[in-house]
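Descriptive analysis of the structure
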Amino acid sequence: LCLSVLLTACSSDDNNNNDNNDNNNDNNGTEEFFRAKVDGADFAASTDPASLIGATVSTNGGVTVAAAQGSTNSGDFINFSIVNYNGPGTYTSGDSMTNPNMIMYGTIPASAWTSNAISFLAGINPGQINITSDADGVLEGTFSFQGYNGDDMTTKNITQGSFKASID
């Protein structure tokens, strides 16, 4: 009796569960992610113990804003907001004083490098957010920017940015 219980408890379903976990860790199309290179170093938002990734698309007073963020467990983050969002397409930040779009990389302790109207004044290259999909409650795309820190006048290059986030 003990042997039969042991044999049925060790079924091949255990391997299937492990395979599913491995697929989820590979971002097989169903998992959220937010990643980039920050001055060449890897940045990846945390999904363990809980996902620190999210997005919103909301309209207020006739203006639609799309925003997304990914954070690490240590508090580092990348976020963006697109004002006058109208669906998939390419949006810029930091290309004029009148453009309210913003992309930011931040660390703990509090330091932030942004692509916005202030970085435009500092002569920093504009940022780019490319929304490739806004469907089924998911916002997905790519981004890159040169962030400017007005406190110490340093820059950081954020490249190869990509994200997939559920819209809250």
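Scroll up to find the structure this text is about.
These remarks concern the structure in this document.

Once that is clear, we can look at the pairing of strand β3 (residues 53-60). Bridge analysis of β3 against strand β4 (residues 63-71) gives 8 bridges, and the strand direction is antiparallel. Across the sheet, the residue bridging to G54 is Q69, located in β4. Between β3 and β4, which pair antiparallel and follow one another directly, the connecting turn spans 2 residues, one of which, G61, has a positive phi of 60°.

Core analysis: the biggest nonpolar cluster contains 25 residues, and F34, I78, F80, I131 and F143 have the highest contact counts within it. Among the secondary structure elements, those contributing two or more residues to this core are β1 (33-38), β3, β4, β5 (77-83), β7 (102-107), β9 (127-135), β10 (138-149) and β11 (154-166). Among residues more than four places away in sequence, those in contact with F80 are F34, A66, A67, A68, M102, I103, I129, I131 and F163.

Tallying each qualifying case throughout the model produces 2 salt bridges. Of the charged contacts, one joins D42 and K37 as a salt bridge, the two residues approaching to 2.6 Å between their closest N and O atoms. Of the residues examined, K37 reaches a relative accessible area of 25% and is grouped as partly exposed. For K156, the salt bridge is made with D39, and the minimal N-O distance between the two is 3.8 Å. You can see K156 sitting in strand β11 and its partner D39 sitting in the loop between β1 and β2 (41-44), a full 117 residues away along the chain.

Relative to the assigned elements, N116 resides in the loop between β8 (111-115) and α3 (117-121). Classification of N116 as buried rests on a relative accessible area of 18%. Excluding its chain neighbours within four sequence positions, the residues that come into contact with N116 are G94, N101 and M102.

Conventions and cut-offs
- Residues numbered from 1 in each chain as written.
- Predicted model: local features only at pLDDT ≥ 70, side-chain atom pairs only at ≥ 80, totals over all residues.
- Heavy atoms only, no water.
- Pairing = 2+ DSSP bridges.
- Helix = DSSP H or I, 4+ residues; strand = E, 2+ residues; numbered from the N terminus.
- Core = buried A, V, L, I, M, F, W, Y, C linked by side-chain atoms within 4.5 Å.
- Buried < 20%, exposed > 50% of the residue type's maximum accessible area, 1.4 Å probe, protein only.
- Contact = heavy atoms within 4.5 Å.
- Salt bridge = Lys/Arg side-chain N within 4 Å of Asp/Glu carboxyl O.

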